[in-house]
2 protein chains.
Amino acid sequence: MTKDGARPSARPRLSREIVLQAALRLVDEEGLDALTMRRLGQELDRDPMALYRYATSRAELLDGVAELVLAQLDMPTDVPDWQAQLRRTAHDFRQLALAHPNVVPLIVTRPLATPLALRPIGTLRPLEQMLELLVRAGYTPVRALHVYRSYWGLLHGHILNELQEVVVDPEETDALLRLGLHRLPNKDFPRLRGLAKALLAGYDGAAALDESLDLLLSGLTGDTPAPRKVRARKA
Amino acid sequence: MTKDGARPSARPRLSREIVLQAALRLVDEEGLDALTMRRLGQELDRDPMALYRYATSRAELLDGVAELVLAQLDMPTDVPDWQAQLRRTAHDFRQLALAHPNVVPLIVTRPLATPLALRPIGTLRPLEQMLELLVRAGYTPVRALHVYRSYWGLLHGHILNELQEVVVDPEETDALLRLGLHRLPNKDFPRLRGLAKALLAGYDGAAALDESLDLLLSGLTGDTPAPRKVRARKA
DNA sequence: GGCGCCTGTCTACGATGTAGAGTCACACAG
DNA sequence: CTGTGTGACTCTACATCGTAGACAGGCGCC
């Protein structure tokens, strides 16, 4: 044996990438609270302090995790049908969020603590790409920004909705119980209790997202003049 | 002097209400991180442990704070124009969020950790009220639920958008610097950098919210058959 | 062969949430 | 007036957290 009697397993040099990937895995598997410096260090078989070479604080680590997920969202800008692209990207985002539900709070919340331009770059790329897409579609930059806000807000709102649809105990047969609705005084919550079955059915997130997109996109079509082939317009 | 030489100031018996109010004030003034048991105890001139009589854990305290804010949202259900009411409530919600920006992360995020029916009651009332409103407007309960989701998602999405519009240092004159945009390689972010002025102008949140509502509501009008005066409809 | 840098480690400190046992005042029964 | 019980509040203690600061060891480069 060379030197490490305990762990002959691979101990490659760390890198920000490796650290963040491990952090993401930890968050995915055990939740945000499990992501402590000590725990992550142990996961990487390294002293917790070693992590500070790759993230200056735990908060920055969280940002890194959010960025890692968001960076997987890539939006081509040279497409013939920009609306179709918005739709596609929306569904990509949804899938990403469903694949990493524990990261969603970070994605929607961390930007509140960080001014726009100081945010991790991977977080800004979708914005830039979407601006590019919309401008090519004929929007002025300012209008593009507005559209971006509506669109991104819709995405965040939708995913927050969809992720709270959790069935407490799928074994339980009684609908009321299964949702914990029995706890509610049905004097005060007749409507809500009446919806037990509908709530239990869960909801088709993809379909709901499409409906919302329909609304947004149809609202937008009366908006831009450029059906296709937009060229640079003079000042 | 009777007994307390230090603080002759009022020390009324605590109550959940008092504790939560103090917690809310603390969060409003100093942010979420400032809300620690010790700090809150000191604020109330009480041993930190005393708080556990009124909230079983820090997490439950956070839920309480979110509930306290959300409970201020009251939506009358017996109104002539339900769409106008949705609009009004949306703006109420926005004002509430702007008044308590530090609580917004809790409002949008805590529900993800708690199954619907186990959430604080004050949190569920807006849902119940909105269902009632929509049913009275002629929607079936299930459709009402769908509308609620779209609407609530829109609200959350909008407010998350609006709250990230923060100007770093209003003293700074250069637009790029003021936003920290100079940090961005403008090879990669030409569009974003080009929007410096627009970003600095901030955005009119109320107007943007109204635009989104226009979209949603106009999408809904083709939806319900009941322009007014809805009575019970036979199965 | 020596020097310097970069990665990772060690130790230590203050702060946090909260369990469990203890204290003290006050309401009420006699 | 006195005893007693109950519930609000306090005390002490502990495991765990983020992270500052000094240190070690190996590798590349001159």
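Residues numbered from 1 in each chain as written. Chains lettered and ligands numbered in written order. Predicted model: local features only at pLDDT ≥ 70, side-chain atom pairs only at ≥ 80, totals over all residues. Heavy atoms only, no water.

Trainee: Would you mind going over the layout of surface pockets with me for this structure?
Mentor: Rolled over the atoms, a probe sized like a water molecule indicates the empty space that remains. Quantified by volume, the largest pocket comes out at close to 1,200 Å³. The wall of the largest pocket is formed by 31 residues, among which A:Thr109, B:Leu32, B:Pro105, B:Leu106 and B:Thr109 lie closest to the centre. For the lining of the largest pocket, the secondary-structure elements that each account for two or more residues are helix H3 (58-70) and helix H5 (104-109) of chain A together with helix H3 (58-70) and helix H5 (104-109) of chain B. Taken together, the residues that form the lining of the largest pocket break down as 18 nonpolar, six polar and seven charged. Surrounding the second largest pocket, 43 residues form its lining, A:Leu154, A:Ser212, A:Leu215, B:Leu154 and B:Ser212 being those nearest its centre. Contributions of two or more residues to the lining of the second largest pocket are made by helix H7 (141-163) and helix H11 (205-221) of chain A together with helix H7 (141-163) and helix H11 (205-221) of chain B. The residue inventory of the lining of the second largest pocket, partitioned by class, reads 16 nonpolar, 16 polar and 11 charged. (1 Å grid on protein atoms, 1.4 Å probe; cavity = no way out; pocket = protein on both sides within 12 Å on 5 of 7 lines; lining within 4 Å. Points joined across faces, edges and corners; volume = space filled by probe spheres on them. Helix = DSSP H or I, 4+ residues; strand = E, 2+ residues; numbered from the N terminus. Nonpolar A, V, L, I, M, F, W, Y, C, P; charged D, E, K, R; others polar.)

Trainee: Can you help me understand the interface of chain B and chain A in this one?
Mentor: Many structure descriptions define interface size as the accessible area lost when the parts assemble. Taken residue by residue, the interface counts 55 residues in chain B and 54 residues in chain A. Interface area for chain B against chain A, summed over the two sides, is near 5,000 Å², with a carbon-plus-sulfur share of 66%. It is B:Leu112, B:Arg149 and B:Arg191 that lose the most area in chain B upon contact with chain A, and together they represent 14% of the buried surface on that side. Across the contact surface, chain B and chain A share two salt bridges. Linking A:Glu132 and B:Arg191 is a salt bridge whose minimum nitrogen-to-oxygen distance equals 2.7 Å. Remark: the boundary between chain B and chain A carries 12 residue pairs in polar contact (both at pLDDT 80 or more). At the level of secondary structure, the elements contributing two or more residues to the side of chain B that touches chain A comprise H5, helix H6 (121-136), H7, helix H9 (190-194), helix H10 (196-200) and H11 of chain B. The element best represented in the side of chain B that touches chain A is H7(B), accounting for 12 residues. For the side of chain B that touches chain A, the residue count by class is 34 nonpolar, 10 polar and 11 charged. (Contact = heavy atoms within 4.5 Å. Buried area = accessible area lost by both parts, 1.4 Å probe. Salt bridge = Lys/Arg side-chain N within 4 Å of Asp/Glu carboxyl O. Polar contact = N/O pair within 3.5 Å; in protein donor to acceptor, adjacent residues only side chain to side chain.)

Trainee: Even after reading the chapter, I still don't get the pattern of salt bridges, so can you show me in this structure?
Mentor: Where charged atoms from two side chains of opposite charge approach closely, those side chains can pair. A complete count under the given rule lists 18 salt bridges over all chains for this structure. Its salt-bridge partner being A:Glu30, residue A:Arg39 comes within 2.9 Å of it at the nearest N-O pair. Since its relative accessible area comes to 23%, A:Arg39 is described here as partly exposed. Overall, the relative accessible area of 41% leaves A:Glu30 in the partly exposed class. B:Arg110 is the salt-bridge partner of B:Asp63, the closest N and O atoms lying 2.8 Å from each other. One end of the pair, B:Asp63, is in helix H3; the other, B:Arg110, is in the loop between H5 and H6, and 47 residues separate them in sequence. With respect to class, B:Asp63 is no different from B:Arg110; both count as buried. Taken together, the salt bridges that share partners define one network made up of A:Glu30, A:Arg39 and A:Glu43. (Buried < 20%, exposed > 50% of the residue type's maximum accessible area, 1.4 Å probe, protein only.)

Trainee: Is there a simple way to explain the protein's contact with DNA strand D in this structure?
Mentor: Neighbouring DNA strand D are 16 residues, the closest being A:Arg38, A:Met49, B:Asp47, B:Arg53 and B:Tyr54. Of all DNA strand D atoms lying within 4 Å of any protein atom, the proportion belonging to sugar or phosphate reaches 48%. A:Arg38 is positioned such that a nitrogen or oxygen atom in its side chain is 2.5 Å from a base nitrogen of DNA strand D. In the environment of DNA strand D, a phosphate oxygen lies 2.5 Å from a nitrogen or oxygen atom belonging to the side chain of B:Tyr54. By residue class, the composition of the surface near DNA strand D is seven nonpolar, two polar and seven charged. (Near = heavy atom within 4 Å.)

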